[in-house]
Amino acid sequence: MQFILYIIAYPFLWCVSILPFPVFYLLSDCVYFIVYHVIGYRKKTVRDNLADTLPHLSVAERRRIEKKFFQHMCDMFLEMVKTMTISEAEMKKRFVFTNIELVKEMERKNKSIIMMCAHYASWEWLIIIEKYIDFGTYAVYKKIQNKYFDKLIRDIRSRFKSTLIEAKETVDVIRRNEIENKKGFYGFASDQSPQLHRTNYFDTFMGINVPVFTGAEMLAKKLDLSLVFVKVQKVKRGHYQATFVPLAENPKEIPNYEITSTYLRMVEEQIYEAPEFYLWTHKRWKHRDKQSERSPRIKKALN
């Protein structure tokens, strides 16, 4: 059944990917109408998330953000499909790095780099960075159940020669690369909710106390990697720009969890500037205020 679904979907997705952009975004408008007005995909989750994190806004203001978010989400999903056939030149025109020289300078210090980003604006098109830097690029991702669609996602995200690492393999891959002196640039999207039983750290995110992923920081400390944050902004439909912000060059010198907390503050700033471009469909705050349930593990992790 998985293969049947794949062979039905693939020709359609490929045809979508070759559409000229004006027609492509017209299709996205149609998808938005179906997803938002007909299906109502995760509308309650989005509505609850916006109410919890942006209580200072009126209901009408949050509804406007909600609609803009769903429009953007449909654009972004189809833009991922567009990656199947988009040219390198077109991608570079539509996804611009404002200060790539910062990463080039970090490379010259011959230390691998962890890039922390959020599920904001367009994290999919960050893969074009492979064409600007010398280090091998790696993206951490979560494997999906359908093995055929999982391969499709891997093929799409590695189109410009980035390597995908399944989350559970991340530590082994980075450690092996360091042993073999293969310097890498590793992308982590660390703003979603970890499983509660694996939580080491809680922090306030958008005004709510929640468990937080700390893997990027802890790996950087353990293997002496540099850390950088990338702030992606949507300039206009189909066009983005990304700016790098240093987080730490010597992470071992920084107290535990301070880097992660700084990263969260940067993500919050992004969201408050233009909340419609954040990924509101995930239940990011489902484990709110459960720190007491994990206090033994947290204390052990700190020792």
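See above for the structure.
Residues numbered from 1 in each chain as written. Predicted model: local features only at pLDDT ≥ 70, side-chain atom pairs only at ≥ 80, totals over all residues. Heavy atoms only, no water.

**Some points on the overall build of the chain**
Part 1 of the argument: Within the chain, the regular secondary structure consists of eleven helices and nine strands.
Part 2 of the argument: By principal-axis analysis of the C-alpha atoms, the chain measures approximately 55 × 45 × 40 Å.
Part 3 of the argument: Counting the 303 residues in the chain, one finds 51% classified as buried.
Part 4 of the argument: Entry remark: accessible area of the chain is about 14,900 Å², with carbon and sulfur atoms responsible for 56%.
Part 5 of the argument: Here the chain carries 49 positive and 35 negative side-chain charges, and the mean point of each set is 5 Å from the other. (Helix = DSSP H or I, 4+ residues; strand = E, 2+ residues; numbered from the N terminus. Buried < 20%, exposed > 50% of the residue type's maximum accessible area, 1.4 Å probe, protein only. Areas by Shrake-Rupley, 256 points an atom, 1.4 Å probe, with all protein chains shown as cover. Lys, Arg positive; Asp, Glu negative; His and termini not counted. Charge placed at Lys NZ, Arg CZ, Asp CG, Glu CD.)

**Considerations on the layout of surface pockets**
Part 1 of the argument: What the second largest pocket holds in volume is close to 180 Å³.
Part 2 of the argument: Taken together, Asp-29, Tyr-32, Lys-68, Gln-71, His-72, Asp-75, Lys-234, Val-235, Lys-236, Arg-237, Glu-276 and Phe-277 form the lining of the second largest pocket.
Part 3 of the argument: Those elements that place two or more of their residues in the lining of the second largest pocket are helix H2 (21-39), helix H4 (59-82) and strand E8 (226-236).
Part 4 of the argument: Residue composition of the lining of the second largest pocket, by class: three nonpolar, two polar and seven charged. (1 Å grid on protein atoms, 1.4 Å probe; cavity = no way out; pocket = protein on both sides within 12 Å on 5 of 7 lines; lining within 4 Å. Points joined across faces, edges and corners; volume = space filled by probe spheres on them. Nonpolar A, V, L, I, M, F, W, Y, C, P; charged D, E, K, R; others polar.)

**Overview of the sheet that holds strand E3 (residues 136-141)**
Strand pairs in the sheet, formed through backbone hydrogen bonds, run parallel or antiparallel to each other.
Part 1 of the argument: In spatial order, the strands read E1-E9-E8-E2-E5-E3-E4; together these seven strands make up an open sheet with mixed pairing. Of all the strands in the sheet, the pair left with one neighbour each is strand E1 (95-97) and strand E4 (163-166). Pairwise comparison of adjacent strand axes, ignoring direction, gives a mean angle of 30 degrees for this sheet.
Part 2 of the argument: One ladder, built from four bridges, connects E3 with strand E5 (residues 184-189); its direction is parallel. Within the sheet, the bridge partner assigned to Gly-136 lies in E5 and is Gly-184.
Part 3 of the argument: Set on the sheet, helix H9 (residues 215-223) makes contact with strand E2 (113-117), E5 and E8; between it and E2 the angle comes to about 165 degrees. (Pairing = 2+ DSSP bridges. Axes fitted to C-alpha atoms, helices over the stretch in contact; angles between N-to-C directions. Contact = heavy atoms within 4.5 Å.)

**Observations regarding helix H1 (residues 2-17)**
In an α-helix, one turn spans 3.6 residues, which is why side chains three or four residues apart end up on the same side.
Part 1 of the argument: The end-to-end C-alpha separation of H1 is 22 Å, in line with the 22 Å expected for 16 residues at 1.5 Å each.
Part 2 of the argument: Here H1 has its buried residues at Tyr-6, Ala-9, Leu-13, Val-16 and Ser-17.
Part 3 of the argument: In this structure, the buried residues of H1 make contact with H2, H4 and helix H7 (147-157). (Expected span 1.5 Å × (residues − 1).)

**Thoughts on the pairing of E4**
On any regular strand, side chains alternate: one points to one face of the sheet, the next to the other face.
Part 1 of the argument: Here E3 pairs with E4 via four bridges, running parallel. Looking at E4, one finds that Tyr-141 is bridged to Glu-166.

**Quick word on the packing of H1 against H4**
The relative placement of two packed helices is expressed as an angle between their axes plus a distance between the axes.
Part 1 of the argument: At a minimum axis distance of 8 Å, the contact between H1 and H4 shows a crossing angle of 95 degrees. Considering their axes alone, H1 and H4 lie roughly perpendicular with respect to each other. On H4, the residues that touch Leu-13, Val-16 and Ser-17 of H1 are Leu-78, Val-81 and Lys-82.
Part 2 of the argument: Class assignment for the residues of the contact of H1 with H4 results in four nonpolar, one polar and one charged. (Parallel < 35°, antiparallel > 145°, perpendicular 65-115°, else oblique.)

**Quick look at the nonpolar core**
One recurring pattern in soluble globular proteins is that nonpolar side chains are buried together.
Part 1 of the argument: Residues Ile-114, Leu-126 and Phe-244 are the most contacted members of the largest nonpolar core, which totals 90 residues.
Part 2 of the argument: Per-element tally for this core: the top contributor is H4, with nine residues. (Core = buried A, V, L, I, M, F, W, Y, C linked by side-chain atoms within 4.5 Å.)

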